[in-house]
Amino acid sequence: MMINKKHRASSWWSLSVAVSLFIVLSTYVCEVQAAAVMSVDLGSEWMKVGVVSPGVPMEIALNRESKRKTPATLAFRDGVRTFGEDALTVGIRDPSSAYGYLIDLLGKTIDNPIVDLYRKRFPYYDIIGDPERNTVIFKKNDKEQFLVEELVAQILMKAKEFAQESTHQPITEAVLTVPGYFGQAEREALLTAAQLANIKVLQLINDYTAVALNYGVFHPSGINETAQYYIFYNMGASSTSAAVISYQLVKDKHTKESHPVVEVLGVGYDRTLGGLEIQLRLRDYLADEFNAMRKTSTDVKTSPRALAKLFKEAGRVKNVLSANMDHFAQIENVLEDQDFKLQISREKLEEICADLWPRIIKPLERALAHSGLSLNIISQVIIFGGGTRVPKVQDTIKQFIKEDLGKSLNADEAAAIGAVYKAADLATGFKVKKFVVKDAAVLPIHVAFERETGNGAEIKHVKRVLFGLMNSYPQKKVITFNKHTSDFQFHVCYGDLTHLSSEERLFVGATNISLVELENIKDILEKMSNESVEAKGIKAYFALDDSGIFRCTGVEYVYDKQKIEEDEGTLAKLGNTISKLFSKDSKEEDKKVEDVKEEVGEDEKIKEEKSEEKVNMENEDKYNKTTAEKNLDEKENNKKNETVKIVTIKEPLQHKVTFQFTPPLTGKSYEQSLEKLNAINKAETMRSRLESSFNALESHIIDIQQKLEEEEYASCLTSEEKQKILSECSTISDWLYDDSDKTTHDMYEAKLNDLKMLTNVFMARHWEHEERPEAVKALDNMIDGAQQFLENAKNLTKDANPERDVFTQIEIDTLSRIIDETVTWKNGETEAQNKLQRHEKVRLTVKDITDHMASLDREVKYMVNKIKIWKPKPKPTAKSDKKTSKKSGEVETEEMGSGFGNETQSDDHLSSQQSPDEDIKVNTTEQSTTTPRTEL
């Protein structure tokens, strides 16, 4: 009996639908073990952190308040360290406990005018000098003193924490932005701070260079073989800078590939002009107005807390006036419970800062002068930095350039994003488009040394320029000393600084960078005097790396020496050259040579024997020569084979390098600072754990007490259990709020664990009662799906459908048995569970249900996989059909015809019933009267 083929097709489709019910798509997220990197744009007022991790684009890391920038401030009060907004809040209550605007104090000695300016701006700090290095120390009391490097290091630690929370990966590498005017002392101090924070600095990058890189990466369409020039103008909190930048596609000499190049051509800056100065002017104006009101007899400027309040309000009003023409400044309890309110207009603010506005265009003019370009070939002036939001700043720049300003960059985040792109480029786990960066030296560097002129004349002082003003870096230089015959020394200093104002030259501080002392020169010269050498001088090697850090990388004595070598002869050299050319294929060639040697015939062997005899006869003649003739020939041959070569030899010289700028934190002082920071971090970790364990215990007690008042939870435990838990909660609560200083996080955690052992019993019962209905529903759905699958699978056995015999009868029976057992178990357990009360032990658990679901699912998946790998039996070929008799073909036709005759079917159904065997039969009939066909 044949099965209806339409029914079979329908069954197959239904089976596919049933199969889809049992295919579980599990997504496994594999963590890529690649290191993420970060950038830190550490400004005077704000800190921005950029991150990049595998599979995640460059982005700004958010802080705990989900903000994209964080105040670069930290505070210590009552042994608690705070950062950001929390630190600013502490600074209002106790201004001397909050430390901000630290970046300009890095690498500065106590007598630097920048330190005096800082004292004038923030008079409530007690700043003293380091007894060893004469650098800045903030002194709160005898026990609480901090170096600037220690404070900056802690801010960098917090930046690292934000980055790690954003990427969920440990981070150890970073690129840090710095102001372009930072000298060697400031850069070394920042590197030390990063080292204290356990951050490996891949590079220090100037802020305007990072922004220029950012612009080039995201605006590549305008970069071609013709140089394009831009000016990037930055007004931050404490400084202002302008940089002339060029973009151009340049072909690499080695790879012959073209890469975009961003190059700094000119830089101008003003390190004391910024948003902070405007805010301080407004603070002082508010203070004068408050004093003029004579609400108190006390001068408001003598109160640190009042000054801190006025400073904060001045910052808020300044920001509001950037978008509005006037605004009210209002502060509660400025001093002695006296409030303050004053209306301020934008015009008044501009009047207060009238002497600042002419200074705005000075950095632009200096940048253009140093670049040697005129303003008319500059494509655009692009602004960034928070200070550029002040309308008067923008108007002043517009009047100078007579064009609209470029505002396409994010003023706050441009430097951080550019720096993190550089970090990804330098890190090993990322591949980014190559973008060549060439920075420029803002402070020129030269070498100064003394040279004796001889004949008792005065010693001559010589200066040689190493890195001139706006020389690009990274770069290496060499200086040769030709006329020194004994130990000497030379100084590396900042060069001609006449392009800077007299005030700025004082801000730079010490102009000496390092002292290099050369030793044992006389001994080496005496040693070489006995040999035939030609002195080429003493060469000193210098490098200015990507971070703008200067180093003397080595000193060598260079000389030429004659070296006699035996000449191998023209033929020998030619042979060696040929052998080198074929050395790569030596193995294959050796094989070929061996094969050729084996194929040498008898004739070749005879020739070889004759040639050997001839050589032996010649050798006997040579041995018959006299001894005198032999010696003469040997001497002549030796002379011919000897060749004199000039070899350049570089012998390292002992030298000592001493830093002469503000000495970095090293040695014992560094170890003490590291120990101090580790102790602070450990105390903060312990305090944080203590607070979290206290809060966890407190919240659990409150949560349990509230739940026991609700019927759905209270019904899950007996009255005795409820009373015991409530009593325990009350006891722990009384102990929790006891003002004992001896409590530790271990004690809180132990109490929490004991309480959870009591409460987990009824909480587990409640969970079972809540989750069981959904679990039972899922089991019912699985049973229904399995039954549907079973019905369809029965049509795919050998007995039911010989063409699609996917399953055996044993497999059908096994699935049927498992379905019946699961249904029987579910009905029995559900009935038994319904007889129990909610506080009694649960009988039908969610785990039992999921176990039975897993058993059923496993059996169905086995059969589903069998469907996937099943293939129909191969159809008989036309060739085999030719061998069959015509009679058998007629029988087959009759059988198929009888099948059709028994049922009334449509034409479509008839066509669907034509089997591959019928097609073969018809083709065979056609071949009997036509040319045989090779394809069916």
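The protein carries the name Hypoxia up-regulated protein 1 in an unreviewed UniProt entry, which gives Glossina morsitans morsitans as its organism. Database annotation for the protein, UniProt heading Sequence similarities (unreviewed entry): "Belongs to the heat shock protein 70 family." As stated in UniProt under Subcellular location (unreviewed entry), the record for the protein gives "Endoplasmic reticulum lumen".

Peer 1: Quick rundown of the overall build of the protein? Include the residues and the values.
Peer 2: When its secondary structure is counted, the protein shows 28 helices and 29 strands. Burial statistics for the protein: of 936 residues in total, 43% are counted as buried. The long-range share in the protein, meaning contacts at least 24 apart out of those at least 6 apart in sequence, stands at 71%. Surface summary for the protein: the accessible area is close to 52600 Å², and the carbon and sulfur share equals 50%.

Peer 1: Account for the pairing of strand S13 (residues 228–235), naming residues and giving values.
Peer 2: Within S13, 6 of the 8 residues are buried, leaving the element largely enclosed by the surrounding structure. Strand direction decides the pairing type here: S13 and strand S14 (residues 240–251), joined by 8 bridges, are antiparallel. The partner of Tyr-229 across the bridge, within S14, is Ser-246. Linking S13 back to S14 in an antiparallel pair, the connection comprises 4 residues.

Peer 1: How would you summarise the side chain of Gln-203 if you had to cite specific residues and measurements?
Peer 2: Here Gln-203 lies in strand S12 (residues 200–206). If near-sequence neighbours (up to four positions away) are discounted, Gln-203 is found in contact with Ala-174, Val-175, Leu-176, Lys-422, Leu-426, Asp-546 and Ser-547.

Peer 1: Tell me about the sheet that holds strand S7 (residues 98–99), and please be specific about residues and values.
Peer 2: An order of S6-S5-S7 is seen for the 3 strands of this open sheet, with the pairing classed as antiparallel. In the strand order of this sheet, the two ends are held by strand S6 (80–83) and S7, each with one partner. Examined bridge by bridge, strand S5 (residues 74–77) and S7 share 2 bridges and lie antiparallel to one another. Looking across to S7, one finds that Ala-75 is bridged to Ala-98.

Peer 1: Would you mind going over the sheet that holds strand S8 (residues 127–129) in detail, with residue names and values included?
Peer 2: The strand order across the open sheet formed by 3 strands is S8-S9-S10, and the pairing between neighbours is antiparallel. If you trace the sheet from one side to the other, it starts and ends with S8 and strand S10 (145–147), each paired once. Looking at each pair of strands side by side, their axes are set apart by 35° on average, direction ignored. Strands strand S9 (136–139) and S10 of the sheet are contacted by helix H4 (residues 148–167), whose axis makes an angle of about 80° with S10.

Peer 1: Explain the packing of aromatic side chains residue by residue, including any values.
Peer 2: Per the stated rule, a full pass over the model turns up 33 aromatic pairs. Seen in terms of ring centroids, Tyr-118 and Phe-138 are 5.9 Å apart; in terms of plane orientation they differ by 75°. Their pairing is edge-to-face. Taken together, the positions of Tyr-118 in helix H3 (residues 113–121) and Phe-138 in strand S9 put the pair 20 residues apart, joining distant regions of the chain. A relative accessible area of 6% means that Tyr-118 is categorised as buried. With a relative accessible area of 1%, Phe-138 lands in the buried category. Look at Phe-290 and Phe-340: their rings are 5.7 Å apart centre to centre, the planes differ by 75°, and that puts the pair in the edge-to-face class. Here Phe-340 lies in strand S17 (residues 338–345) and Phe-290 lies in helix H7 (residues 275–293), a separation of 50 residues in the sequence. Phe-340 gets classed as buried once you look at its relative accessible area, which sits at 2%. Connected via pairs of aromatic rings, a cluster forms that spans Phe-76, Tyr-99, Tyr-101, Tyr-118, Phe-122, Tyr-124, Tyr-125, Phe-138, Phe-146 and Phe-311.

Peer 1: Lay out helix H23 (residues 809–834) in plain terms, naming residues and giving numbers.
Peer 2: For H23, built from 26 residues, the straight-helix expectation of 38 Å at 1.5 Å per residue is met to within 8% by its first-to-last C-alpha distance of 38 Å. Listed as buried for H23 are Glu-811, Ile-812, Leu-815, Ile-818, Ile-819, Thr-822, Trp-825, Lys-826, Glu-829, Ala-832 and Gln-833. Residues of H23 that are buried in the fold lie against helix H22 (745–793) and helix H24 (846–869).

Peer 1: Could you give an account of the confidence of the model for the protein, with specific residues and numbers?
Peer 2: Confidence in the prediction for the protein averages 83 pLDDT; 80% of positions are at 70 or higher. Residue range residues 1–33 is modelled with pLDDT below 50. Its contacts to residues more than four positions away, or to other chains, number 41 contacts. Overall, residues 882–936 carries pLDDT values under 50, and its contacts beyond four positions in sequence, including any with other chains, amount to 35 contacts.

Peer 1: For the packing of H22 against H23, give the residues involved together with the corresponding values.
Peer 2: Contact pair H22 / H23: the axes reach a minimum separation of 10 Å and the direction vectors enclose 155°. It follows that H22 is roughly antiparallel to H23 by the angle criterion. In terms of crossing hand, the pair formed by H22 and H23 is left-handed. Between H22 and H23, the contacting residues are His-769, Arg-772, Leu-779, Asp-780, Ile-783, Ala-786, Gln-787, Phe-789, Leu-790 and Ala-793 on the first element and Ile-812, Leu-815, Ser-816, Ile-819, Thr-822, Val-823, Trp-825, Lys-826 and Gln-833 on the second. Across the contact of H22 with H23, the residue classes break down as 11 nonpolar, 5 polar and 3 charged.

The rules behind these values
- Residues numbered from 1 in each chain as written.
- Predicted model: local features only at pLDDT ≥ 70, side-chain atom pairs only at ≥ 80, totals over all residues.
- Heavy atoms only, no water.
- UniProt positions renumbered as here; feature names shortened; annotations may be inferred.
- Helix = DSSP H or I, 4+ residues; strand = E, 2+ residues; numbered from the N terminus.
- Buried < 20%, exposed > 50% of the residue type's maximum accessible area, 1.4 Å probe, protein only.
- Contact = heavy atoms within 4.5 Å.
- Areas by Shrake-Rupley, 256 points an atom, 1.4 Å probe, with all protein chains shown as cover.
- Pairing = 2+ DSSP bridges.
- Axes fitted to C-alpha atoms, helices over the stretch in contact; angles between N-to-C directions.
- Phe/Tyr/Trp six-rings, centres within 6.5 Å; stacked < 30°, edge-to-face > 60°.
- Expected span 1.5 Å × (residues − 1).
- pLDDT = per-residue confidence, 0-100.
- Parallel < 35°, antiparallel > 145°, perpendicular 65-115°, else oblique.
- Left-handed = near helix turned anticlockwise from the far one by under 90°.
- Nonpolar A, V, L, I, M, F, W, Y, C, P; charged D, E, K, R; others polar.

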